[in-house]
Amino acid sequence: MKLSLGPILYYWPKQQVLDFYAGVAESPVDIVYLGETICSKRTLMRTEDWLQLADKLADTGKEVVLSTLALLEADSELKRLRRICSNGIYPVEANDMGAVQLMQGKPFVSGHSVNVYNDRTLALLARQGLKRWVLPVELSHKTLADIQAGRPDGVETEVFAYGRLPLAYSARCFTARAHNLPKDDCQYRCLDYPDGLQLKAQDDTRFLALNGIQTQSAHTFNLLSELEQMRRLGVDVVRISPQSHKTEKVIEIFSKVMAGELDSSTGNALLEKMMPTGPCDGYWHGDAGMAQRARTAAEQMV
Amino acid sequence: MTSIELVCPAGNLPSLKAAIDNGADAVYLGFRDDTNARHFAGLNFSPAKMRQGIEYARQRGRRVFLALNTYPQPEGWQRWQSAVDNAAELGVDALIAADIGVLDYASDKHPDLNLHLSVQGSATNYEALQFYRDNFGVKRAVLPRVLSISQVKHVIENSPLQVEVFGFGSLCVMVEGRCILSSYATGRSPNTYGACSPASHVEWRETDQGLETRLGGVLIERHAEGENAGYPTLCKGSFCVGGNTYHALEEPTSLNTLELLPLLLQTGVSAIKIEGRQRSPVYVAQVTRVWRQAIDACKRDPDAYTPRAEWMQELAKVSEGSQTTLGAYHRPWQ
């Protein structure tokens, strides 16, 4: 199994992004997804900058995939999408059916926001040029096994295995709303929340994270304990979603567990210290997404 | 001005009749299972009732659309496949589907079946619409409730197919078909189960701080004594962000675009959809009657059109929290 690094879902200053990927270049990830997938107003990194970064990472031997917006509304967004889809060098991660349409006949990956819930869908996308699909995050290992049984030849399977879960997209910017600002005058407040803005229930339960127009889980989805099962299910790529601190350490832990150099419970204990809130893994087991089945480090110490 | 179709919800036969008797051009309905996105106890149609409904509509020259708009996983695939076959056999005027596998099966097996792309298909741009036309011959798409009115216009100008938009009813704040907040808290989402914030996972608790409503154990709302307690739809709850407690995602409110009607007609939409298959026949009758009158008035004289006060009052009475909004059509909402 290969290890991939998903696109940065947050808005970080340009230098932070460049420093982040300088570290990634040295890390054991095989595949790097690059680009803005949440909000077209986030332009500190322009398409040109992403393409330059792609070349740099490709030179270090990484497989680079260009990621695209999940929610396409304005014509300017379609224009940018066309430019990425016709880059001629790198495959594209389509996060919307508009991108799938533009990538017809060219190699593409379907991201987790493209609804592939059954093998008939997968077969149709494979006829369009699909090379790899990312399992939608709400689906379980049972459904994955069923889809894998009917997977077309030549299509790889990727699983989102670490990170705050992408749960919803909206026309409304919830980060701007939290500051009583309209989206058109958001003042780029998401720059202040490098891992999203936490949302709690009224009894202080940490529940969600607001990331502009995207809503995420407060808890970090973590399938480190399930790597062996993924291997048995024929998963080709395991995805880590970037967070603002210690992503390189997360990569290292996944890499070591995959290589058999570290056991997953030790790995989990280390990972949990780095999560903004704590772990969850319910979706993988067919439960509520926020549920946690793998034993937590604290429980294991009892 | 082109003709515009008023598409109304029918959760059961009495609602279907109420819609048609009050001026719906078409009704949409679903089977009694998880193949549609209003999979609620006691709602929807058996094939026999659906036959009666279709006959009732046909005799009056109206159309019937079948919603088959959830996402089958391999384990349940057979159920969706049978539902497509049943819909074709019943002779519905259109099948409203979202899943690519379902659309592929329907267009392959029943090439004469008229296909609409459900709002659950999350198509917000004309390139996506083109995909569904090229691959499955889809004739119409229902747009998610995330576009401003000028964006709707732009999509229609470039669209290879007819466009239907939501005019009234419960408001999804998130792009439909891509929101799994419900399954994050309960394990069940519109995509997988056909219901958002399912009643099976709702709890009402009297506490010292008031009546609490919970979903999957998560506190969604706290109501002071005497306050009206609404249904705990996850995205309409009160949460704490940055030290403030407020409706962080959206207020309990309904979409009402009655005042935008002349603009909507100008954009060239083919149909306006009313949400609410889960609502009562009385709701369906009231809302359909108002919208029929409004559309007719607007078509007669768009320049002189303004929503009548009694229409707005009538619609406010049946709205969530008695509040309405223009939603994403109105840019400042975003």
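Look up: the structure comes first, before these words.
Everything in this summary refers to the structure shown in the same document. On a predicted model such as this, the values are computed, not experimentally measured, just so you know. (Residues numbered from 1 in each chain as written. Chains lettered and ligands numbered in written order. Predicted model: local features only at pLDDT ≥ 70, side-chain atom pairs only at ≥ 80, totals over all residues. Heavy atoms only, no water.)

### Brief notes about the overall build of chain B
Applicable threshold: Counting from the N terminus, the helices are the DSSP runs of H or I reaching at least four residues and the strands are the DSSP runs of E reaching at least two. We compute the radius of gyration from the C-alpha atoms alone; for a globule the expected value is 2.2 Å times N to the 0.38, where N is the number of residues. Throughout, exposure labels follow a simple rule: accessible area from a 1.4 Å probe, protein chains only, divided by the maximum for the residue type, with under 20% read as buried, over 50% as exposed, and the rest as partly exposed. Contacts were defined at the residue level, with two residues in contact if any of their heavy atoms lie within 4.5 Å.
A count of helical and extended segments in chain B gives 11 helices and 15 strands. The C-alpha atoms of chain B give 20 Å as radius of gyration, which agrees with the globular expectation for 334 residues (20 Å, within 12%). With the C-alpha coordinates aligned to their principal axes, the bounding extent of chain B is approximately 60 × 55 × 40 Å. In chain B, which comprises 334 residues, the proportion classed as buried is 63%. For chain B, the proportion of contacts with a sequence separation of at least 24, taken over those separated by at least 6, is 64%.

### As for the pattern of salt bridges
Defined as follows: By convention in these notes, a salt bridge is any Lys or Arg side-chain nitrogen within 4 Å of a carboxyl oxygen on Asp or Glu.
Here the structure, examined in full by the defined rule, presents 44 salt bridges over all chains. Arg189 of chain A is the partner of Asp192 of chain A in a salt bridge, and the nearest nitrogen-oxygen pair spans 3.4 Å. The exposure class assigned to Arg189 of chain A is partly exposed, which follows from its relative accessible area of 26%. The salt bridge partner of Glu5 of chain B is Arg140 of chain B, with a shortest N-O separation of 2.7 Å. Here Arg140 of chain B lies in strand S6 (residues 140–142) and Glu5 of chain B lies in strand S1 (residues 5–9), a separation of 135 residues in the sequence. Of the two residues, Glu5 of chain B and Arg140 of chain B, neither departs from the other in class, the shared state being buried. Salt bridges sharing common partners tie together Glu63, Glu93, Arg132, Glu156, Glu158 and Arg239 of chain A.

### A few points about the pairing of strand S3 (residues 63–68) of chain B
All names here are of chain B. To be explicit about the condition: Two strands pair if DSSP finds at least two bridges between them. The handedness of a crossover follows from its direction of travel: if, with the strands pointing away from the viewer, the path from the first strand over the helix to the second runs clockwise, the crossover is right-handed.
For S3, a buried count of 5 out of 6 residues is recorded, marking the element as mostly surrounded by other parts of the structure. Of the pairings in the sheet, the one linking strand S2 (residues 26–29) to S3 comprises 4 bridges and is parallel in character. Each residue of the ladder has a partner; that of Tyr28, found in S3, is Phe65. With helix H2 (residues 47–59) bridging S2 and the parallel S3, this β-α-β connection has right-handed handedness. Direction of pairing for S3 relative to strand S4 (residues 94–97): parallel, over a ladder of 4 bridges. By the bridge assignment for S4, Ala67 is matched with Ile96.

### Re the nonpolar core
Cut-off, in case you're wondering: Only buried Ala, Val, Leu, Ile, Met, Phe, Trp, Tyr and Cys residues count toward a nonpolar core, and they belong to the same one when joined by side-chain atoms within 4.5 Å. The domain boundaries here were taken from an automatic or database domain assignment.
Among the nonpolar cores identified, the biggest contains 210 residues, and Tyr21, Leu34, Leu125 and Phe254 of chain A together with Tyr132 and Trp291 of chain B are the most heavily contacted of them. The biggest single contributor to this core is helix H10 (residues 281–300) of chain B, with 10 residues. Residues lining this core come from more than one domain, with at least three contributed by each of domain 1 (5–171 + 253–333) and domain 2 (197–246) of chain B. Contact partners of Phe254 of chain A, with chain neighbours within four places excluded, come to Leu3, Ala161, Tyr162, Asn222, Leu224, Leu227, Val238, Ile240 and Leu271 of chain A.

### A closer look at a nonpolar patch on the surface
Selection criterion: Every patch collects residues that have over 30% relative accessible area and no salt bridge, joining them within 9 Å if they carry like charges and within 5 Å if they are nonpolar side chains (Val, Leu, Ile, Met, Phe, Trp, Tyr). For accessible areas, the Shrake-Rupley method is used with a probe of radius 1.4 Å. Any residue's cover is judged against the shown protein chains and nothing else.
The grouping of Leu44, Tyr188 and Leu191 of chain A at the surface amounts to a nonpolar patch, some 230 Å² of accessible area in total. With respect to the helices, strands and loops of the structure, Leu44 of chain A is situated in the loop between strand S2 (31–34) and helix H2 (47–59).

### Quick look at the sheet that holds strand S8 (residues 202–207) of chain B
Residue and element names in this part refer to chain B. Using the following cut-off: Each axis is a line fitted through C-alpha atoms, and for a helix only the stretch in contact is used; angles between axes span 0 to 180 degrees, taken between their N-to-C directions.
In space, the 3 strands of this open sheet follow the order S8-S9-S10, with antiparallel pairing throughout. Looking at strand neighbours, the two that pair on one side only are S8 and strand S10 (218–223), the edges of this open sheet. For this sheet the average axis-to-axis angle between neighbouring strands, irrespective of direction, equals 25°. Pairing analysis gives 6 bridges linking S8 to strand S9 (residues 210–215), with the strands arranged antiparallel. Its bridge partner lying in S9, Val202 is registered against Leu215.

### What to know about helix H1 (residues 14–25) of chain A
Residue and element names in this part refer to chain A. The criterion, for reference: Here, expected helix span is obtained from the residue count minus one, scaled by 1.5 Å. This arc is taken over the directions from the axis of the helix to the C-beta atoms.
The end-to-end C-alpha separation of H1 is 17 Å, in line with the 16 Å expected for 12 residues at 1.5 Å each. Along H1, the positions that sit buried rather than exposed are Val17, Phe20, Tyr21, Val24 and Ala25. All buried residues of H1 project into a common sector of 140° when viewed along the axis, lining one side.

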